[in-house]
Amino acid sequence: MKHHDINADSIAKLMDIFYNKVRKNQQLGPIFNGKIGTDDKSWNAHKQKIGGFWRANLLGEQTYNGYPLKAHLELDPFPREFFDTWLALFEESLREVYDNADCYTQILQRAQIIAQRFQKILYDFPH
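The model shown is predicted, which means the values in this text are computed figures rather than measured ones.

Asker: Even after reading the chapter, I still don't get the packing of aromatic side chains, so can you show me in this structure?
Answerer: One pair of aromatic rings is described through two measures. These are the centre distance and the angle between the planes. Summed over the entire model, instances satisfying the criterion amount to 13 aromatic pairs. Between Phe 78 and Phe 82 the ring centres are 6.3 Å apart and the planes differ by 20 degrees, which places this aromatic pair in the stacked class. Between Phe 83 and Tyr 123 the ring centres are 6.3 Å apart and the planes differ by 85 degrees, which places this aromatic pair in the edge-to-face class. Of this pair, Phe 83 sits in helix α5 (residues 82-97) while Tyr 123 sits in helix α6 (residues 101-124); the two residues are 40 residues apart in sequence, bridging distant segments of the chain. Here Tyr 123 falls in the partly exposed class, since its relative accessible area comes to 29%.

What follows is the structure in structure tokens.
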């Protein structure tokens with residue numbers, strides 16, 4: 001069943017669907033599995049953490065303590081194009097979760113802004 005509203009349940013479903021795709025993806029899977037681990041317990045903790053990030057961003061909940069940019073800066077270098085893969089999987093997952101175009105568009109635009117910001121810092125500025 002698809003969701004009509006952005007809420008904690010729909011965000012949790014989005015995390016499940018999206019990260020199941022990421023884990024299996026040929027480009028992203030090795031990066032994420034290398035950082036997070038390959039066991040379900042580690043992935044569930046990651047989904048909880050990133051779900052908190054999205055609840056904070058979309059619902060205003062104070063549910064996230066972390067520095068997402070720092071985590072990405074600590075990764076081994078990877079091709080910039082992988083952000084396109086990440087966004088494509090994210091958009092595909094949004095379509096599976098939401099039947100409301102406003103919700104889908106709001107979250108996708110936020111994801112695109114975050115991806116652009118991270119790319120600028122990771123690739124356009126020396127660090």
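Asker: Would you explain the pattern of salt bridges in this entry?
Answerer: Side-chain pairing between opposite charges can occur once the charged atoms of the two side chains come close. What the rule picks out here adds up to 7 salt bridges. The partner of Arg 95 in a salt bridge is Glu 91, with the nearest N and O atoms 3.2 Å apart. Highlighted residues: Arg 95 and Glu 91, both in helix α5, separated by 4 residues, approximately one helical turn. Among the residues examined, Arg 95 registers a relative accessible area of 48% and is labelled partly exposed. Among the residues examined, Glu 91 registers a relative accessible area of 25% and is labelled partly exposed. Look at the salt bridges and you will find they share partners, linking Lys 21, Glu 92 and Glu 96 into a network.

So, how was this worked out
Starting afresh in each chain, residues are numbered from 1 along the sequence in its written order. Only residues with pLDDT of at least 70 get local features here, since the model is predicted, and only at 80 or more are side-chain atom pairs given and counted; chain-wide, interface and lining totals rely on the full set of residues. Based on all heavy atoms of the structure, the side-chain values leave hydrogens and waters out of the count. Two aromatic rings, drawn from Phe, Tyr or Trp (for Trp, its six-membered ring), form a pair once their centres lie within 6.5 Å of each other, and the interplanar angle then sorts them: stacked below 30 degrees, edge-to-face above 60, tilted otherwise. In this description a helix means any DSSP run of H or I spanning at least four residues, a strand means any run of E spanning at least two, and both kinds are numbered starting from the N terminus. Accessible area is worked out with a 1.4 Å probe on protein chains only. A residue is then buried under 20% of its type maximum, exposed over 50%, and partly exposed in between. The working definition used for a salt bridge is a side-chain nitrogen of Lys or Arg within 4 Å of a carboxyl oxygen of Asp or Glu.

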